[in-house]
Amino acid sequence: MTVKDIIEKLELKCLNEANLFTEVTGAYASDLLSDVMGNARAGQIWVTMQTHKNVSAIASLKDLPAIILVHGAVPDIDMLEHAREEEVCVLVSKEATFQVCGKLYALIG
Amino acid sequence: MHYTFTIERGNFTDAGQASSSVKRTLKQLGVDPVNIKRTVVALFEAEINAVAHAYGGTIDVDIDGEKIVMVVADEGPGIPNLDLAMQEGWSTASPQVREMGYGAGMGLPNIKKNTDDLKIDTQVGVGTTVTMTVYLT
């Protein structure tokens with residue numbers, strides 16, 4: 001399942017197109033940045049409601065191809081700019097973390 | 001190879017630049033991805049700790065064929081109780097820092113898990129120097 005497939009299946013809004021054809025190996029949901037730093041694995045999609053620049057920095061450092069911001073969260077401008085520079089896909093769901101994770105689990109869990 | 005970076009108090013916007021830059025260099029050098037990941041996690045956490053708690057500091061990174069040595073030295077409040085600081089879940093981060101998703105007390109434990117050698121010299125009211133080594137062989 002690629003990032004593009006997940007965008008379509010979950011009807012996500014894409015704010016920065018990147019890694020569309022990257023294979024997604026799983027997902028990690030957390031709003032604690034050190035939790036993600038310590039425990040997320042390369043290839044996973046990150047589900048969060050954090051919207052600041054360090055989020056795109058961590059996604060890039062950990063080789064996470066895409067971030068899903070939940071509940072229609074709006075990323076900070078510098079987060080989006082950084083995601084463009086570092087080629088991290090930034091996606092937004094209208095739904096909350098529980099619903100997004102449930103759908104992801106059904107697809108790739 | 002030697003690299004130096006500057007840490008500014010409270011400047012979360014630029015936090016991660018040192019880790020990003022070191023990651024790029026290690027990739028170019030063909031370092032094993034597992035060691036790149038360990039290095040990047042440790043350096044990022046140390047950088048964030050200094051941004052969140054200290055008044056400013058420097059990061060020095062030395063890379064040779066055998067190891068990566070990262071020294072994060074800050075001027076700051078120091079760590080009054082290092083044993084507590086090393087405990088998972090213990091944090092003295094401000095509410096603002098916690099709102100950003102930090103301050104879960106996982107930083108130093110993450111550093112310890114991802115380095116082969118960790119040395120912390122700290123003096124209350126003066127500052128803290130964290131020396132982290134990742135062996136490549």
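Please read these numbers as outputs of a predicted model, since none were measured by experiment. (Residues numbered from 1 in each chain as written. Chains lettered and ligands numbered in written order. Predicted model: local features only at pLDDT ≥ 70, side-chain atom pairs only at ≥ 80, totals over all residues.)

**Q** Now, about the overall build of chain A: what can you tell me, with residues and values included?
**A** Along the backbone of chain A there are five helices and five strands. Against the compact-globule benchmark of 13 Å for 109 residues, chain A has a radius of gyration of 12 Å, which places it among compact chains. Considering only C-alpha atoms, chain A reaches an extent of 30 × 25 × 25 Å along its principal axes. The 109 residues of chain A split such that 44% are buried. Here the analysis covers contacts within chain A between residues at least 6 apart in sequence; of these, 50% occur between residues at least 24 apart. (Helix = DSSP H or I, 4+ residues; strand = E, 2+ residues; numbered from the N terminus. Rg over C-alpha atoms; globule rule 2.2 N^0.38 Å. Buried ≥ 20, exposed ≤ 12 C-beta atoms within 10 Å, placed from the backbone. Contact = placed C-beta atoms within 7 Å.)

**Q** Talk me through the sheet that holds strand β1 (residues 2-8) of chain B; I want residue IDs and the actual numbers.
**A** Residues and elements named next belong to chain B. On the basis of which strands lie adjacent, the open sheet formed by five strands has the order β1-β2-β3-β5-β4 and antiparallel pairing. With one partner strand each, in any of the chains shown, β1 and β4 (117-123) form the two edges of the open sheet. Shown here is a sheet whose adjacent strand axes are inclined to one another by a mean of 10 degrees, direction ignored. As defined by bridge partners, β4 adjoins strand β5 (residues 127-135) across seven bridges and the pair is classed as antiparallel. Across the sheet, residue Asp117 finds its bridge partner in β5, namely Thr133. (Pairing = 2+ DSSP bridges. Axes fitted to C-alpha atoms, helices over the stretch in contact; angles between N-to-C directions.)

**Q** Got a sec to walk through the pairing of strand β3 (residues 44-48) of chain A? Specific residues and values, please.
**A** All names here are of chain A. Along β3, five of the five residues are buried, which leaves the element largely enclosed by surrounding structure. Where burial is concerned, the two faces of β3 agree: the one with Gln44, Trp46 and Thr48 and the one with Ile45 and Val47 are both buried. Between the parallel elements strand β2 (residues 26-29) and β3, the chain passes through helix α2 (residues 33-39) in a crossover that is right-handed. Where β3 and strand β4 (residues 66-69) come together, four bridges link them in parallel fashion. By the bridge assignment, Thr48 is partnered in β4 with Leu69. In this fold, β3 hands off to helix α3 (residues 53-61), which returns the chain to β4; that crossover is right-handed. (Right-handed = clockwise from strand over helix to strand, strands pointing away.)

**Q** Got a sec to walk through the interface of chain A and chain B? Specific residues and values, please.
**A** The partner chain B presents 18 residues to the 15 residues of chain A that form the contact. For the side of chain A that touches chain B, the secondary structure elements donating two or more residues are α2 and α3 of chain A. Partitioning the side of chain A that touches chain B into residue classes produces five nonpolar, six polar and four charged. (Nonpolar A, V, L, I, M, F, W, Y, C, P; charged D, E, K, R; others polar.)

**Q** Lay out the packing of helix α1 (residues 17-28) of chain B against helix α2 (residues 33-53) of chain B in plain terms, naming residues and giving numbers.
**A** For any two helices packed against each other, one specifies the inter-axial angle together with the distance between the axes. Residue and element names in this part refer to chain B. Packing of α1 against α2 leaves a shortest axis separation of 9 Å and a crossing angle of 165 degrees. As judged from the angle between their axes, α1 and α2 are roughly antiparallel. Between α1 and α2 lies a crossing whose hand is right-handed. On α2, the residues that touch Ala18, Ser19, Val22, Lys23, Leu26 and Lys27 of α1 are Ile36, Thr39, Val40, Leu43, Phe44 and Glu47. (Parallel < 35°, antiparallel > 145°, perpendicular 65-115°, else oblique. Left-handed = near helix turned anticlockwise from the far one by under 90°.)

**Q** An account of helix α4 (residues 77-86) of chain A is needed here, citing residue identities and associated values.
**A** Residues and elements named next belong to chain A. Among all positions in α4, only Met79, His82 and Ala83 are buried. Mapping the buried residues of α4 onto a view down its axis gives an arc of 105 degrees, with all of them on the same face. What points out from α4, more than 90 degrees from its buried face, is the exposed set Ile77 and Glu85. With its phi angle positive at about 55 degrees, Glu87 sits one or two positions after the end of α4. (Arc of directions from axis to C-beta.)

**Q** Report on the nonpolar core, specifying residues and quantitative values.
**A** In this structure, A:Ile45, A:Ala66, A:Ile67, A:Ile68, B:Ala46 and B:Met70 are the most contacted members of the largest nonpolar core, which totals 66 residues. At 11 residues, α2(B) tops the list of elements feeding residues into this core. (Core = buried A, V, L, I, M, F, W, Y, C linked by C-beta atoms within 7 Å.)

**Q** Tell me about unusual backbone geometry, and please be specific about residues and values.
**A** Residues and elements named next belong to chain A. Of note, the phi angle at Asp63 is positive, near 55 degrees, even though the residue is not glycine. Relative to the assigned elements, Asp63 resides in the loop between α3 and β4. In the Ramachandran plot, His71 falls in the positive-phi region, its phi being about 60 degrees despite a non-glycine side chain. Mapped onto the elements of the fold, His71 is located in the loop between β4 and α4. Here His71 falls in the partly exposed class, since 13 other C-beta atoms lie within 10 Å of it.

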